[in-house]
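Below, each chain spelled out in residue letters.
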Amino acid sequence: MKRRTWLLSALGATGALVVGWGVMPARSRLGSPELMLKTGGDVALNGWIKIAKDGSVVLAMPRSEMGQGVHTALAMLVAEELDVPMRSVRLEPAGADSIYGNVAMLMASLPFHPLDSEGEHKPLKIKMSEWIVGKIVRELGINATGGSSTITDLWEPLRLAAATARASLLQAAALSWQVPANEITVVNGVMQHASGKSAHYGDMSAAAAGSTPKGVKPKAQQNWQLIGRATPRSDIPAKVTGQAPFGMDIRLPGLLFAAVRMCPMLGGSFDAMNTQAALALPGVTQVVRLDAWGGGTAGLAAIGRTTWQARQAVQAVQVQWQAPKTGALDTAQIQAALLNSLNTESGFTFHEQGVPTQAEKAAAKRIDALYQAPYLAHATMEPMNCTAQVKDGRVEIWVPTQVPQMARAMAAKVAGVKEDQVTVHVTLLGGGFGRRLEVDFVGQAVQVAMACAGAPVQLSWSREEDTTHDFYRPMHLAKFQASLDAQGTVTSLRIKSAGDAITPRWLARTMPALSGPVDMPDKTTAEGLFDLPYGFASQHMSHVATQSGVPVGFWRSVGHSHNAFFSESFMDEMAAASQQDPLAFRLGWLKEAPRYAAVLKLAADKAGWGQALPAGHAQGLALHESFGSIVAQVAQVSVVNGEIKVHRVVCAIDCGTVVNPDTVAQQMESSVIYGLSAALFGQIDIVGGVVQQSNFPSYPMVTLSQAPKVETHIVPSTRHPAGVGEPAVPPLAPAVANALFVLTGKRQRALPLVV
Amino acid sequence: MQLNINGQNRTSTAAPDTPLLWVLRDELNLTGTKFGCGVAACGACTVHVNGQAVRSCVMPISAVAQQKVQTIESLGTPEQLHPLQAAWIAEQVPQCGYCQSGMLMAAAALLDKTPHPSDADIDAAMTNLCRCGTYQRVRAAIHRAANTNTNTNTNTNNKPSLTAQKGGAA
């Protein structure tokens, strides 16, 4: 065969395969019963649902509980469809099959303007893109807890799995009793028929096994008993008695403890170490060299009989550190470089409408502003840790992680075994906030375990290591230019931002197989700037993606977290320039976005916007959409003895259909405090490659006495459920900054806020 | 070294300068008490020593020998919850839950001293850090437990001790 002919045939065959794959229905997420753990007496009906002998229900749980309440919310969906009480739903860890992959999180990386999907009918380009990306990510099956996506993702598949299980149980009962299935009712997991027949699910599970009824639909909304009602969280009782097991609470026979000390210079290593003094300390067995795993920094670990011994030992090692070959990082230099990029590079255009250049030429007035946000650490209360055992060619890890498959891949890589030789146990997470989307500490734990001759070892970081070796929210700068006509109407808005892109760096370190040769435009750099709901006739938004060399990561609400501060602060600047009240100004530009306007009005009404306040108090507001949810906040602020005091924050949210309203309120409260810590105190500085903040005294958090009263108001909705864990973080900083402007007359254009 | 933990005599082989936290967690497997910062800044490691809330990450065991140490494991059990634990469930306080053992122990010490704390009392006593921002529910739960205490008081005409086992087996 001639080469050309061969190539054409190969192309033709590939094309046929792609087309063939394309027309096949998207991979089902129901899954087969074999995917669930084999436990005595339980009968699996699909990849999600198992029925125990006593009629209780076991749910395969692929998502991590890090405080956001998903273990309860997902159990609620199952309890609803199967008509069982919440206490009858138990969780077991899900395996690694692609049905457990998170489709919604990856779909959300498509950079479409949210207003395009507001109406009943999505545009074809969005439908096509979602269809093809959806198909691909279903094949990839990446299990991750992040992007406020758990309920969005599992809303349909999990309710369908539970409803299908219910239908097969009813079918089995109908056959056994010789009655029509539609005459059987279920109350508290007990199937009943008017003839007097009754049985619980456990009695019918064996007969139901193997059947998968077709055409099953989840319950209609009017029949919901549980969804939409405040439901107590099932993880809370163990969390008030100290019994809930976090990563650092894993205890195994013969467990050793390891402490970590990384090169203080990010990306650095070391030339030599003297371990004599360390090894002389009681209980210390070894000092091990640590390579730089998963984008982290190299260093060393000491192993002891307790964490304390290991920590004493690791500090006693004399080390000659080596600066990174790329040179020492410095935030002041990075900031100057970002400003230069902003002024000299054109960047990637994420959004354009109208003709901004024309509007700018014709402008009667222009306002310009430069905004900036610093690097931030995650500061989960539970520092990074992983427990590992390497024995007989197998690896077992116990880890608080948001990405169990990536943890598994990292463990396999370090130990030099196949992934199927690695068992991952996901513990409860003492906070995640995106930090646990990284697997650097997993690599370290496995490397240490390989030196422990089969003994299990718990590797944990000190608070200082955790703060100084994070994957930081990147520093970003943004330039805003607005044009106004002679009447004070805004005619154009131009935004250009600069800062590191996170997604390509993260893919390269956690999933190298998916990492491309060049960086694709990263939506997270521009989210919160390109996707504004306001109807200015001319708009242009571009981003210059940089590579500072600082390890950057996903920080609760990601790009939105700083971009909303920029855009919603500048909205108030434009309102002032056009001599309008901030609320009226926004509402005026939300004519084509009624859902946004409704959320804003709700928050303003509940907060008493414009009404008299105590002397020295002022209100500021902000509106922001992220992760599919729209949140408005009104912050009531004063300045006392030179300190910013936030008294009250009123939140309104439209997050689509609500599963557990109390969890929504919890997440609004949580996000306000998380956002406020960043707004008031959050700043990471790097000098000579070394992070300057190290523990809570230098990287402070909001405390109880500083916490505002938070109120939550939910807009009723029947739309598909959207995110809840993150969307209330972004509006907090601008709401506070906008109130400060009223109080002080000074516009805050940098975080943290300073008066 | 001889220690008295939750009413039981325990022997530790750790060096006298070892912080109590690590003896509790790594030697005695009482993992309810958490490590957060190691510098007494966050309160995740709060336990009681003779009824006082202390941060065990900076408390050498030599300083607590012969003293009565209480940890979260002795505050109450799932079957017999301490009023604060019941209030914590009623108010749905915990999110990730990691800091909550320390929060509860700090709150228990507060209520022992001040059975009906004002908001200012709570502000002053509850300096523990919570990254999930559970603060307003912590405040509500302390008030709720204080009110439960009042009711118990009225019913039994007895002054109850909020710290379980305090003055009992310990």
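Scroll up to find the structure.
Residues numbered from 1 in each chain as written. Chains lettered and ligands numbered in written order. Predicted model: local features only at pLDDT ≥ 70, side-chain atom pairs only at ≥ 80, totals over all residues. Heavy atoms only, no water.

S.K.: Give me the lowdown on the overall build of chain A, citing residues and values where you can.
M.R.: Helices and strands together make up the secondary structure of chain A, namely 21 helices and 27 strands. Its C-alpha atoms give chain A principal-axis dimensions of about 80 × 75 × 75 Å. When the 755 residues of chain A are sorted by exposure, 59% land in the buried category. With the model as given, the accessible surface of chain A reaches about 28700 Å², and the carbon-plus-sulfur share is 56%. (Helix = DSSP H or I, 4+ residues; strand = E, 2+ residues; numbered from the N terminus. Buried < 20%, exposed > 50% of the residue type's maximum accessible area, 1.4 Å probe, protein only. Areas by Shrake-Rupley, 256 points an atom, 1.4 Å probe, with all protein chains shown as cover.)

S.K.: So, the nonpolar core: which residues are in play, and what are the values?
M.R.: Grouped together as the largest cluster of nonpolar side chains are 197 residues, with contacts concentrated most on Ile397(A), Val442(A), Met574(A), Val736(A), Trp88(B) and Ile142(B). Here this core gets 9 residues from one element, more than from any other, and that element is helix H20 (residues 661–680) of chain A. Residue contacts for Met574(A): discarding those within four places in its chain leaves Ile367(A), Ala482(A), Val490(A), Leu493(A), Phe536(A) and Phe585(A). Within the second largest apolar cluster, 50 residues are counted, among which are Ile49(A), Ile99(A), Trp177(A) and Val186(A). (Core = buried A, V, L, I, M, F, W, Y, C linked by side-chain atoms within 4.5 Å. Contact = heavy atoms within 4.5 Å.)

S.K.: Now, about the packing of aromatic side chains: what can you tell me, with residues and values included?
M.R.: Residues and elements named next belong to chain A. Per the stated rule, a full pass over the model turns up 17 aromatic pairs over all chains. The interplanar angle of 70° and the centroid separation of 5.6 Å between the aromatic rings of Tyr371 and Phe480 together place this pair among those described as edge-to-face. With Tyr371 in strand S14 (residues 365–373) and Phe480 in strand S19 (residues 476–484), this residue pair connects regions lying 109 residues apart in the sequence. Here Phe480 falls in the buried class, since its relative accessible area comes to 1%. Where Phe433 meets Tyr674, the ring centres are 4.5 Å apart and the plane angle is 40°; that geometry is what we call tilted. Of this pair, Phe433 sits in the loop between strand S17 (422–426) and helix H13 (440–449) while Tyr674 sits in helix H20; the two residues are 241 residues apart in sequence, bridging distant segments of the chain. A single burial state applies to Phe433 and to Tyr674, both of which are buried. One aromatic cluster is present, formed by Tyr371, Phe480, Phe565, Phe566 and Phe570 through successive ring pairs. The lysine or arginine in question, Arg473, covers the ring of Trp555, its NZ or CZ lying 5.1 Å from the ring centre. (Phe/Tyr/Trp six-rings, centres within 6.5 Å; stacked < 30°, edge-to-face > 60°. Lys NZ or Arg CZ within 6 Å of the ring centre and 35° of its normal.)

S.K.: Give me the lowdown on the sheet that holds strand S24 (residues 643–654) of chain A, citing residues and values where you can.
M.R.: All names here are of chain A. If you trace the 4 strands from one edge of the open sheet to the other, you get S22-S23-S24-S27, paired in mixed fashion. Each edge of the open sheet carries a strand with a single partner, namely strand S22 (617–626) and strand S27 (709–714). Adjacent strand axes in the sheet meet at a mean angle of 20°, parallel and antiparallel pairs treated alike. Pairing geometry for S22 and strand S23 (residues 629–640), over 10 bridges, is antiparallel. Within S23, the residue paired with His617 across the bridge is Ser638. This element, helix H21 (residues 732–744), spans S22, S23 and S24 of the sheet and lies at about 150° to S22. (Pairing = 2+ DSSP bridges. Axes fitted to C-alpha atoms, helices over the stretch in contact; angles between N-to-C directions.)

S.K.: Requested: an account of the interface of chain B and chain A, with residues and values cited.
M.R.: The interface is formed by 47 residues belonging to chain B together with 58 residues belonging to chain A. Together, the buried faces of chain B and chain A total about 4300 Å²; carbon and sulfur atoms form 59% of this surface. On inspection of chain B and its partner chain A, the count reaches 5 salt bridges. In this structure, the salt-bridge partner of Asp249(A) is Lys34(B), at a minimum N-O distance of 2.4 Å. Taken together, the elements giving at least two residues each to the side of chain B that touches chain A come down to helix H1 (20–27), helix H2 (83–90), helix H3 (100–113), helix H4 (119–125) and helix H5 (135–156) of chain B. Here the element with the most residues in the side of chain B that touches chain A is H5(B); it accounts for 5 residues. When its residues are assigned to classes, the side of chain B that touches chain A shows 23 nonpolar, 15 polar and 9 charged. (Buried area = accessible area lost by both parts, 1.4 Å probe. Salt bridge = Lys/Arg side-chain N within 4 Å of Asp/Glu carboxyl O. Nonpolar A, V, L, I, M, F, W, Y, C, P; charged D, E, K, R; others polar.)

S.K.: How would you explain a nonpolar patch on the surface if you had to name every residue and give the values?
M.R.: Taken together, the side chains of Leu124(A), Met128(A), Trp131(A), Ile132(A), Ile136(A), Leu140(A) and Leu514(A) present a nonpolar region at the surface, about 650 Å² in accessible area. Along the polypeptide, Ile136(A) turns up in helix H4 (residues 124–140). (Patch = residues over 30% accessible without salt bridge, like charges linked within 9 Å, V, L, I, M, F, W, Y side chains within 5 Å.)

S.K.: Can you tell me about the packing of helix H5 (residues 150–177) of chain A against helix H6 (residues 201–208) of chain A, naming the residues and giving the values?
M.R.: All names here are of chain A. Interhelical geometry of H5 versus H6 gives an angle of 90° and a closest axis separation of 8 Å. The orientation of H5 relative to H6 falls into the category roughly perpendicular. Contacts from Arg166, Ser168, Leu169, Ala172, Ala173, Ser176 and Trp177 in H5 reach Tyr201, Met204, Ser205, Ala207 and Ala208 in H6. Here the residues of the contact of H5 with H6 sort into 8 nonpolar, 3 polar and 1 charged. (Parallel < 35°, antiparallel > 145°, perpendicular 65-115°, else oblique.)

These figures capture arrangement, not role.
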